[in-house]
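The primary structure of each chain is shown beneath.
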Amino acid sequence: MIDMSVEIAGVKLKNPVLTASGTFGFGREYAELYDLSKLGAIAVKGLTSEPRNGNPPPRIAETPMGMINSVGLQNPGIKSFIENEIPFLRKFDTKIIANVSGNTVSDYVSITEIASSSDIDFIELNISCPNVKAGGMAFGTGAASVGNLVAEVRKVCKKPLIVKLSPNVTDICEIARAAEASGADALSLINTILAMKIDINTRRPVLKNNVGGLSGRAVFPIAVRMIWQVKNCVNLPVIGMGGVSTGADAVEMMLAGADAVAVGSVMFSDPYTPIKVIDGIHGYLEKHGFNKASDIIGAVNVY
Amino acid sequence: MIDMSVEIAGVKLKNPVLTASGTFGFGREYAELYDLSKLGAIAVKGLTSEPRNGNPPPRIAETPMGMINSVGLQNPGIKSFIENEIPFLRKFDTKIIANVSGNTVSDYVSITEIASSSDIDFIELNISCPNVKAGGMAFGTGAASVGNLVAEVRKVCKKPLIVKLSPNVTDICEIARAAEASGADALSLINTILAMKIDINTRRPVLKNNVGGLSGRAVFPIAVRMIWQVKNCVNLPVIGMGGVSTGADAVEMMLAGADAVAVGSVMFSDPYTPIKVIDGIHGYLEKHGFNKASDIIGAVNVY
Amino acid sequence: MYIQEDGTVLSNIKISETYYDMTVYSPKIAGCAKPGQFVNIKCGDDLLLRRPISICDCDGENFRLVYENRGAGTSMLTRLITGDNLDILGPLGNGVFPTGVSRVLLVGGGCGAAPLLFAAKKNNECSAVLGFRTCKNAVLTDDFYSVCENLLIATDDGTMGASGTVERPVNLLLEKHKFSYIFACGPRPMLKAVSIIAKRHSIPCYISTEERMACGVGACLCCAIKTKSDKETYSHVCKDGPVFEAGQIVLED
Amino acid sequence: MYIQEDGTVLSNIKISETYYDMTVYSPKIAGCAKPGQFVNIKCGDDLLLRRPISICDCDGENFRLVYENRGAGTSMLTRLITGDNLDILGPLGNGVFPTGVSRVLLVGGGCGAAPLLFAAKKNNECSAVLGFRTCKNAVLTDDFYSVCENLLIATDDGTMGASGTVERPVNLLLEKHKFSYIFACGPRPMLKAVSIIAKRHSIPCYISTEERMACGVGACLCCAIKTKSDKETYSHVCKDGPVFEAGQIVLED
Ligand SMILES: Cc1cc2nc3c(=O)[nH]c(=O)nc-3n(C[C@H](O)[C@H](O)[C@H](O)COP(=O)(O)OP(=O)(O)OC[C@H]3O[C@@H](n4cnc5c(N)ncnc54)[C@H](O)[C@@H]3O)c2cc1C
Ligand SMILES: Cc1cc2nc3c(=O)[nH]c(=O)nc-3n(C[C@H](O)[C@H](O)[C@H](O)COP(=O)(O)OP(=O)(O)OC[C@H]3O[C@@H](n4cnc5c(N)ncnc54)[C@H](O)[C@@H]3O)c2cc1C
Ligand SMILES: Cc1cc2nc3c(=O)[nH]c(=O)nc-3n(C[C@H](O)[C@H](O)[C@H](O)COP(=O)(O)O)c2cc1C
Ligand SMILES: Cc1cc2nc3c(=O)[nH]c(=O)nc-3n(C[C@H](O)[C@H](O)[C@H](O)COP(=O)(O)O)c2cc1C
Ligand code: FES
Ligand code: FES
């Protein structure tokens with residue numbers, strides 16, 4: 001019997017496979033295909049204090065082995081989430097990660113206060129969304145602003161606090177250390193990379209927002225590098241994401257230092273990906289004689 | 001007759017298609033396949049004052065629609081280049097871009113001095129190589145150090161000076177403006193993005209250098225976004241690169257703001273790519289009724 | 001209710017300059033598909049996103065797709081042959097065409113004709129106007145002819161039927177006959193024009209919309225379409241549509 | 001001198017648990033290939049890098065490849081059928097096996113046997129030792145049998161020929177016969193062992209090396225291999241090799 005469980009900030013997940021925020025809605029759509037209790041945790045669509053409409057369409061473009069989105073945090077607001085979605089999600093034996101955003105520090109503080117008082121397992125602070133004018137990535141790309149924001153949020157956060165990092169930075173370690181110093185319990189990375197696609201026939205951007213966030217298999221090697229860097233500069237659990245498509249990818253990220261991995265965009269190609277990734281990790285551990293999933297975390301033997 | 005020529009810093013190129021430094025050697029290998037006179041310009045392998053061995057192998061890993069290299073500026077040194085390579089390259093009717101690097105500011109200054117006195121057409125300052133311990137990317141990721149380096153080099157540079165930017169930064173515009181303010185005549189971007197690949201069977205990095213630079217089609221949408229941002233914040237010609245694989249890609253980059261484009265990694269898949277890209281641009285201009293290649297530079301109509 | 005099913009290609013035939021007609025054995029999806037619904041198809045391993053295609057016809061075991069070869073995904077579909085496997089999510093969409101009603105005017109533009117054929121078969125006394133760029137790309141005309149009381153064709157270049165857009169033939173039919181419903185599917189400008197005509201005649205109008213999609217099931221919120229209401233809000237084509245009452249939607253270009 | 005040629009697959013046969021044997025009509029490349037040279041093959045559209053495979057045999061119009069199904073690229077090759085097109089760069093490599101000499105001992109491990117067959121055919125009085133993991137993966141034994149004076153096999157698991165590595169059979173042949181050359185191709189540890197044996201017997205030894213490649217022609221400097229000299233320098237497998245005199249190369253693991 002292989003022990004697939006991992007621990008993130010004192011919370012035990014039955015396995016290291018999560019769904020990435022924004023790619024799994026609130027779980028309802030994929031609950032039609034398989035039992036959500038199979039998942040280690042579900043990170044829900046990014047939430048804000050008030051409902052948000054998001055950006056005008058088109059919101060998506062396809063790129064080589066990837067996609068660019070500019071959804072822009074469309075969501076029904078934290079109140080609706082608590083009333084309508086938590087009761088649904090709690091029917092399943094899995095952990096709930098509330099991904100939260102705001103325009104200002106006090107926005108972040110107030111939504112964290114509300115969300116962390118509700119029946120969820122983790123707060124994931126999204127300081128890395130490239131698709132909103134105020135807040136989002138603007139907060140996540142400077143060490144000082146990250147430190148300040150995390151410190152303020154920490155004061156009111158009653159649940160384990162995951163800080164979600166932006167890859168659009170010169171030095172990911174500087175940001176990771178700022179989050180750690182201000183009280184983050186865990187880090188998740190990477191969010192999307194700012195990108196653009198132009199339709200050469202219309203000579204207009206494909207996205208109405210002009211630019212958006214790149215995700216999918218194309219970004220995987222960048223994610224692995226950043227996870228490895230971060231794991232080597234802070235003492236926090238790391239949730240890895242960015243292009244995970246197979247059990248082998250998940251194992252690679254865990255070897256680089258991820259305590260758990262999230263499946264995002266690849267879900268759109270195959271909605272069963274998280275289940276297959278769980279099986280794939282299990283198969284790898286079996287084949288290589290590991291008893292516990294946690295044995296491979298950070299186990300890369302660098303030169 | 002469509003006019004395919006473009007101008008970079010006062011130098012006329014017969015067409016807007018270049019080869020990217022490090023992917024075309026000194027032209028000899030590909031001269032066996034086609035006439036180098038067909039190319040707008042050739043950027044040669046990165047040069048240093050003294051010969052360099054580069055990094056230990058393995059130096060390459062394949063990734064989804066991309067590759068990671070850690071060649072590390074292996075080159076025969078500027079003297080050998082001037083003696084053995086320039087005479088060969090001058091047999092062709094194309095422009096020569098000398099891509100130069102150093103460990104220290106004075107290294108950069110001295111190689112620029114030597115290179116710019118030789119029979120070449122442009123100096124390309126590589127401040128963005130992620131594969132060397134000293135110099136390279138370390139110079140290219142801070143606005144102050146970029147400004148300082150470019151200013152020093154400018155003093156001795158007798159040829160048009162292209163500064164090659166690293167994409168591994170929070171704010172590409174800050175860096176671009178620093179280069180412009182210190183006297184760059186043109187910018188080229190993007191160099192490779194720091195990335196990592198781990199072999200899950202050996203649990204070792206695929207590259208002996210642990211990390212390397214990601215290039216190829218995967219990075220194309222990131223390159224387009226950065227070119228568009230840079231074009232909107234400085235008044236310099238821009239040479240775009242990063243994953244260009246077809247005429248359509250080249251057109252997309254030019255619409256985003258590139259005055260010329262370079263073909264890099266995709267050459268390894270199809271060495272005729274630069275020729276096909278030239279034909280592809282020509283076909284696009286014809287179909288859409290443009291008389292000059294330069295008409296589409298920056299012609300994207302953003303929302 | 002939707003599922004993932006591995007269907008089998010029964011036939012895949014080029015039917016015009018750019019259109020293909022594919023029949024897929026897919027008993028679970030075909031067993032419950034409704035007119036207006038679509039499937040989201042995996043087109044090979046190197047494309048991250050599936051491609052949404054409307055169900056054009058369905059006999060409970062097999063469904064039929066009529067699609068245009070436009071880019072990487074659809075061109076991959078054109079290469080499939082009898083016996084090939086097809087990874088499908090479907091049937092998708094909750095906004096569907098009404099069924100079991102009578103006197104329906106169907107207005108289709110290009111591949112927009114596809115979902116209307118299925119709708120024609122599930123309703124009574126239908127008439128149709130189909131618009132195409134040129135006669136070389138006119139598709140499904142025989143199929144509509146056999147299930148419709150009236151069929152008018154328009155082509156942009158006048159090579160078949162009336163010259164110009166569908167508007168004139170639509171007005172012609174509306175003058176001569178009484179319709180209880182209008183169903184439309186096609187490019188935005190056509191949907192706009194038809195909606196206006198329907199409103200003028202006070203005929204309930206259902207339009208099938210398109211938007212770029214990722215998940216196809218309502219999870220990613222990528223396929224937003226502007227919905228009429230006091231403040232700006234978005235519905236989602238894959239989940240709330242693809243068929244909407246014309247009055248609900250703001251048809252921007 | 002190399003070119004790009006669109007070859008045609010004449011046959012592509014599974015010859016063991018993991019090995020395939022492919023013959024390609026490629027008159028220009030086959031017309032000038034030398035033993036030890038390789039081709040760089042485009043394996044589909046979604047892989048950026050070509051895959052280097054040694055020329056195993058060549059009759060002036062067609063060449064033959066014997067390759068192992070290892071990953072994305074080679075598994076794509078296994079799916080090719082007679083008549084398929086193959087985009088090839090070749091013949092590549094300037095470091096080749098000597099030809100026209102006599103009394104050559106060929107030592108091959110796994111797919112390392114491939115280039116040695118071509119070398120055997122271009123030299124005289126050859127003997128060979130081939131090593132494989134297991135009998136299920138022993139390939140090319142009949143071919144070597146028909147062109148060699150002596151042929152010994154070794155398998156790691158003892159299921160065919162001698163049990164263990166090629167070292168014992170190699171020593172056996174060296175005791176009984178006189179050789180003017182040793183040519184070796186296979187995994188690094190095998191190349192190392194054979195080089196040491198050759199040095200002990202003072203027999204000139206040529207080894208064919210492998211390194212991960214991008215361009216395959218000498219432009220990118222990716223395929224570096226450490227070369228013996230006062231200071232550390234690198235040669236490049238694709239341009240200076242793949243065949244080197246054993247003494248030139250530092251065989252690291
Ligand atoms: C609900 C729905 C039903 C559809 N039904 C049909 C049908 O029955 N027959 C038919 O021929 N076409 C139909 N389409 C359009 C079809 O999905 C696109 O033509 C197809 O996705 C183009 O993919 P491609 O890879 O060939 O083109 P590419 O241009 O290479 O596609 C690139 C990207 O753009 C998206 N895209 C391009 N055009 C469209 C479009 N018009 N709508 C949505 N996304 C697009 C693709 O999905 C992909 O993400 C439908 C679209 C939707 C949303
Ligand atoms: C000069 C030369 C001659 C060769 N001749 C033969 C031959 O005759 N028969 C044969 O079966 N194999 C041969 N190989 C090895 C063959 O190139 C690899 O097995 C093949 O590239 C693996 O590709 P893949 O996509 O199947 O595996 P993957 O593991 O998916 O490949 C991933 C990447 O690693 C590289 N790679 C993996 N293994 C090797 C390797 N051993 N050497 C070089 N690059 C590697 C690939 O090129 C690719 O870039 C030769 C290699 C070289 C350098
Ligand atoms: C359509 C879409 C919507 C997303 N929305 C959010 C979001 O609301 N909050 C957030 O933190 N990340 C969001 N992300 C980022 C993902 O959670 C993830 O970090 C990123 O996509 C990289 O993983 P992937 O390559 O596996 O998709 C979104 C990504 C996509 C593709
Ligand atoms: C093998 C390899 C070697 C490179 N060497 C250099 C170099 O010496 N100097 C430099 O400025 N850029 C170098 N680059 C970066 C390329 O010039 C180019 O900026 C980058 O690869 C992005 O373009 P591409 O995706 O088309 O390859 C190298 C890239 C590769 C793949
Ligand atoms: S495509 Fe994902 S919500 Fe419609
Ligand atoms: S593979 Fe490019 S130099 Fe050898």
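This write-up is about the structure you can find in this document. Just so it is clear, the model here is predicted, and its values are computed rather than measured.

## Thoughts on the overall build of chain C
Counting its secondary structure elements, chain C contains six helices and 16 strands. For chain C, the C-alpha radius of gyration of 17 Å lies close to 18 Å, the compact-globule estimate for 253 residues. When burial is assessed residue by residue, chain C has 60% of its 253 residues classed as buried. Considering only contacts in chain C between residues 6 or more positions apart, those separated by 24 or more positions represent 59%. If you sum the accessible surface of chain C, you get close to 10,400 Å²; carbon and sulfur atoms cover 49% of it. Side chains of chain C carry 26 positive and 28 negative charges; the gap between the two charge centres is 4 Å.

## Things to note about the relation of the copies chain A and chain B
The transformation that overlays chain A on chain B combines an axial shift of 0.0 Å with a rotation of 180 degrees, and the residual RMSD is 0.0 Å. Between the two chains, the operation in question is that of a two-fold axis. A shared interface surface links the copies, since 100% of the contact residues of chain A are contact residues in chain B too.

## Regarding the interface of chain B and chain D
Across the boundary between the two partners, chain B contributes 32 residues, which contact 29 residues of chain D. Regarding the contact of chain B and chain D, the summed buried area is about 2,700 Å², with carbon and sulfur atoms giving 57% of it. Applying the counting criterion to the chain B and chain D interface returns two salt bridges. Salt-bridge contacts for Glu29(B) lead to Lys239(D); the nearest nitrogen and oxygen are separated by 2.5 Å.

## A short note on the sheet that holds strand E7 (residues 85-92) of chain C
Neighbouring strands of a sheet are bound in pairs by backbone hydrogen bonds; such pairs are parallel or else antiparallel. Residue and element names in this part refer to chain C. Reading across the sheet, the seven strands line up as E4-E3-E7-E1-E2-E6-E5 and stay open at both edges, with antiparallel pairing between neighbours. Single-partner strands in this sheet number two, and they are strand E4 (51-54) and strand E5 (57-58). For strand E2 (residues 19-25) and strand E6 (residues 62-68), the ladder comprises seven bridges, and the chain directions are antiparallel. Across the sheet, residue Tyr-20 finds its bridge partner in E6, namely Tyr-67.

## Structural notes on the site of ligand 3
Residues and elements named next belong to chain A. Among the 23 residues in the neighbourhood of ligand 3, the closest are listed as Ser-21, Lys-164, Gly-216, Gly-243 and Ser-265. A distance of 2.7 Å separates an oxygen atom of ligand 3 from a polar backbone atom of Ser-21. The contact in question runs from an oxygen atom of ligand 3 to an N or O atom on the side chain of Lys-45, over 3.0 Å. Protein chains shield 98% of the accessible area of ligand 3, which is 600 Å² for the free molecule. Taken together, the residues of the shell around ligand 3 break down into six nonpolar, 15 polar and two charged.

## What about the pattern of salt bridges?
All names here are of chain C. Under the counting rule described, the total for this entry stands at 40 salt bridges over all chains. Residue Asp-21 is joined to Arg-64 by a salt bridge in which the shortest nitrogen-to-oxygen separation is 2.9 Å. Residue Asp-21 is found in strand E2, and its partner Arg-64 is found in strand E6; the two are separated by 43 residues along the sequence. We note that Asp-21, like Arg-64, is buried. A single network of salt bridges, built from pairs that share partners, joins Asp-21, Asp-57, Arg-64, Lys-121 and Asp-143.

## So, the site of ligand 1
Residue and element names in this part refer to chain C. Around ligand 1, a shell composed of 20 residues is seen, among which Arg-51, Pro-52, Gly-73, Thr-74 and Arg-212 lie nearest. Between Arg-70 and ligand 1, the recorded distance is 2.9 Å, taken from a side-chain N or O atom to a nitrogen atom. Here Gly-73 contributes a backbone N or O atom positioned 2.6 Å from an oxygen atom of ligand 1. Protein burial of ligand 1: of its 830 Å² of free accessible surface, 89% is covered by the chains. Counting only elements with at least two residues in the shell around ligand 1, the list comes to E4, E6 and helix H2 (72-78). Here the shell around ligand 1 takes four residues from E4, the largest share from any one element. Of the residues belonging to the shell around ligand 1, the class tally is 10 nonpolar, four polar and six charged.

## Quick notes on the environment of Ile86(A)
Residues and elements named next belong to chain A. Along the chain, Ile-86 falls in helix H2 (residues 78-89). When its relative accessible area of 6% is taken as the criterion, Ile-86 is described as buried. Residues Ile-86 and Asp-119, 33 residues apart in the sequence, show an inter-C-alpha distance of 7.1 Å. The residues touching Ile-86, leaving out its near neighbours within four places in the chain, are Phe-81, Ser-118, Asp-119 and Ile-120.

## Digging into the interface of chain A and chain B
At the interface, 46 residues of chain A touch 46 residues of chain B. Between chain A and chain B, the buried area comes to about 4,400 Å², and carbon and sulfur atoms account for 65% of it. For the interface between chain A and chain B, the tally reads 21 residue pairs in polar contact (both at pLDDT 80 or more). Listed by contribution, the elements that provide at least two residues to the side of chain A that touches chain B are strand E11 (193-196), strand E13 (204-205), strand E14 (211-215), helix H7 (220-231), helix H8 (247-256) and helix H10 (273-287) of chain A. With six residues, H7(A) is the single largest residue contributor to the side of chain A that touches chain B. In terms of residue class, the side of chain A that touches chain B is built from 29 nonpolar, nine polar and eight charged.

## Focus: the nonpolar core
Tyr30(A), Phe81(A), Tyr30(B) and Phe81(B) are the most contacted members of the largest nonpolar core, which has 318 residues in total. The contacts of Phe81(B), once residues within four sequence positions are left out, are Phe26(B), Val44(B), Leu47(B), Ile86(B), Leu89(B), Ile96(B), Ala98(B) and Ile120(B).

## Looking at the packing of helix H6 (residues 172-181) of chain B against helix H7 (residues 220-231) of chain B
All names here are of chain B. Where H6 meets H7, the closest approach of the two axes is 9 Å, and the angle between their N-to-C directions is 50 degrees. Taken together, H6 and H7 sit at an angle that is classed as oblique. The crossing of H6 and H7 is right-handed. On H7, the residues touching Ile-172, Cys-173 and Ala-176 of H6 are Met-226, Gln-229 and Val-230. Here the residues of the contact of H6 with H7 sort into five nonpolar, one polar and no charged.

## Some thoughts on the pairing of strand E12 (residues 181-185) of chain C
All names here are of chain C. Burial runs high along E12: four of the five residues are buried. Where strand E8 (residues 102-109) and E12 come together, five bridges link them in parallel fashion. From the neighbouring strand, Gly-108 faces E12, where its bridge partner is Cys-185. Where E12 and strand E13 (residues 205-208) come together, four bridges link them in parallel fashion. Within the sheet, the bridge partner assigned to Phe-183 lies in E13 and is Tyr-206. On the question of chirality, the crossover connecting E12 to the parallel E13 by way of helix H6 (residues 188-200) is right-handed.

The rules we used
- Within each chain, residue numbers correspond to sequence positions counted from 1 in written order.
- In the order they appear in the text, chains get letters beginning with A and ligands get numbers beginning with 1.
- With the structure being a predicted model, the display of local features is reserved for residues of pLDDT at least 70 and the display and counting of side-chain atom pairs for 80 or more, all residues being used for whole-chain, interface and lining totals.
- Each side-chain value is derived from all of the structure's non-hydrogen atoms; neither hydrogens nor water enter the calculation.
- Helix and strand definitions here come from DSSP, where helices need a minimum of 4 consecutive H or I residues and strands a minimum of 2 consecutive E residues; each element is numbered from the N-terminal end.
- Atoms counted for the radius of gyration: C-alpha only. Globule rule: 2.2 Å times the number of residues to the power 0.38.
- The buried label applies to any residue whose accessible area, calculated with a 1.4 Å probe on protein chains only, is under 20% of its type's maximum; exposed applies above 50%, and partly exposed to all values in between.
- Contacts are assigned to residue pairs with any non-hydrogen atoms lying within 4.5 Å of each other.
- For the area figures, the Shrake-Rupley method with a 1.4 Å probe applies, and any residue is considered shielded solely by the protein chains shown.
- The convention is simple: Lys and Arg are positive, Asp and Glu are negative, and His and the chain ends are not counted.
- Taken as the charge location is NZ of Lys, CZ of Arg, CG of Asp or CD of Glu.
- In superposing the copies, a least-squares fit is computed on C-alpha atoms, taking residues whose pLDDT is at least 70 in both.
- As a working definition, buried area equals the accessible area (1.4 Å probe) given up by two parts on being put together, with both sides summed.
- By convention in these notes, a salt bridge is any Lys or Arg side-chain nitrogen within 4 Å of a carboxyl oxygen on Asp or Glu.
- When DSSP finds at least two bridges between two strands, those strands are taken to pair.
- The nearness test applies per residue and asks whether one of its heavy atoms lies within 4 Å of the molecule or strand.
- Polar contact is the term for a pair of N or O atoms within 3.5 Å; when the atoms are in protein, one must be able to donate a hydrogen and the other to accept it, and sequence-neighboring residues count only if both atoms are side-chain atoms.
- For this classification, Asp, Glu, Lys and Arg are treated as charged, while Ala, Val, Leu, Ile, Met, Phe, Trp, Tyr, Cys and Pro are nonpolar and the rest, including Gly, are polar.
- Joining through side-chain atoms within 4.5 Å is the link that ties buried Ala, Val, Leu, Ile, Met, Phe, Trp, Tyr and Cys residues into a set, and such a set is a nonpolar core.
- Note on definitions: angles span 0 to 180 degrees between N-to-C directions of axes, and those axes are lines fitted to C-alpha atoms, for helices only across the stretch in contact.
- When an angle is under 35 degrees it counts as roughly parallel; over 145 it counts as roughly antiparallel; between 65 and 115 it counts as roughly perpendicular; any other value is oblique.
- Two helices cross in a left-handed way if the nearer one is turned anticlockwise from the farther one by less than a right angle. They cross in a right-handed way if the turn is clockwise.
- Crossovers are described as right-handed under a simple rule: with the strands pointing away from the observer, the path leading from the first strand over the helix to the second runs clockwise.

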